[in-house]
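# Chains, contacts and geometry: an overview
Below, each chain spelled out in residue letters.
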Amino acid sequence: QAQLVESGGGLAQAGGSLRLSCAASGRTFSTYAMGWFRQAPGKERESVAAIIWGGGSTYYADSVKGRFSISRDTAKNTVYLQMNSLKPEDTAIYYCAAGRYNGWGVMTPSAYTYWGQGTQVTVSS
């Protein structure tokens, strides 16, 4: 059973930066995709970014392209989300997710099996 633990959330001002971490354990993730999703109050969960653990290919939602960067450290079994130029609309609970990579759907929640507990990100204007 995989376990994902997020950290690094908090309060930031608009234009500021935060880095989220997702520590993964419980299985080998070499054939997995790792994703970051977020959910704001009253809204559906939406994709933010994804990375293929094995090859390192990355994917981003249009709303965060050029501002957020996803990466992974295979030695530490950790995935990161560097968030720059934060906006108030980035305020949400951010979730890390892991799912076996099948070549499609890495930006859809249904492609993921394991989820972390979430970490709150609040951006003030």
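For the structure, see preceding data.
Residues numbered from 1 in each chain as written. Predicted model: local features only at pLDDT ≥ 70, side-chain atom pairs only at ≥ 80, totals over all residues. Heavy atoms only, no water.

### Quick word on the overall build of the protein
Helix and strand content of the protein: zero helices and 11 strands. Mapped from its N terminus to its C terminus, the protein presents α and β elements in the order β-β-β-β-β-β-β-β-β-β-β. Its C-alpha radius of gyration of 13 Å places the protein within 12% of the 14 Å reference for a compact globule of 125 residues. Seen through its C-alpha atoms, the protein measures out along the principal axes to roughly 40 × 25 × 25 Å. Within the protein, buried positions represent 42% of all 125 residues. Sequence-distant contacts, at least 24 apart, represent 59% of the contacts inside the protein between residues at least 6 apart. (Helix = DSSP H or I, 4+ residues; strand = E, 2+ residues; numbered from the N terminus. Rg over C-alpha atoms; globule rule 2.2 N^0.38 Å. Buried < 20%, exposed > 50% of the residue type's maximum accessible area, 1.4 Å probe, protein only. Contact = heavy atoms within 4.5 Å.)

### Digging into the packing of aromatic side chains
Counted according to the given criterion, the structure contains five aromatic pairs. Both rings, one in Phe29 and one in Tyr32, keep their centres 5.5 Å apart while their planes meet at 75°; by these two values the pair is edge-to-face. Each of the two residues, Phe29 as well as Tyr32, counts as buried. Judged by centre distance (6.0 Å) and plane angle (45°), the rings of Phe29 and Trp53 are tilted. You can see Phe29 sitting in the loop between strand 3 (18-25) and strand 4 (32-39) and its partner Trp53 sitting in the loop between strand 5 (46-52) and strand 6 (58-60), a full 24 residues away along the chain. Chaining the aromatic ring pairs together yields one cluster made of Phe29, Tyr32 and Trp53. Taking the ring centre of Tyr95 as reference, the NZ or CZ of Arg45 above it sits at 4.0 Å. The ring of Trp115 carries the charged tip of Arg45 above its face, separated from the ring centre by 4.7 Å. (Phe/Tyr/Trp six-rings, centres within 6.5 Å; stacked < 30°, edge-to-face > 60°. Lys NZ or Arg CZ within 6 Å of the ring centre and 35° of its normal.)

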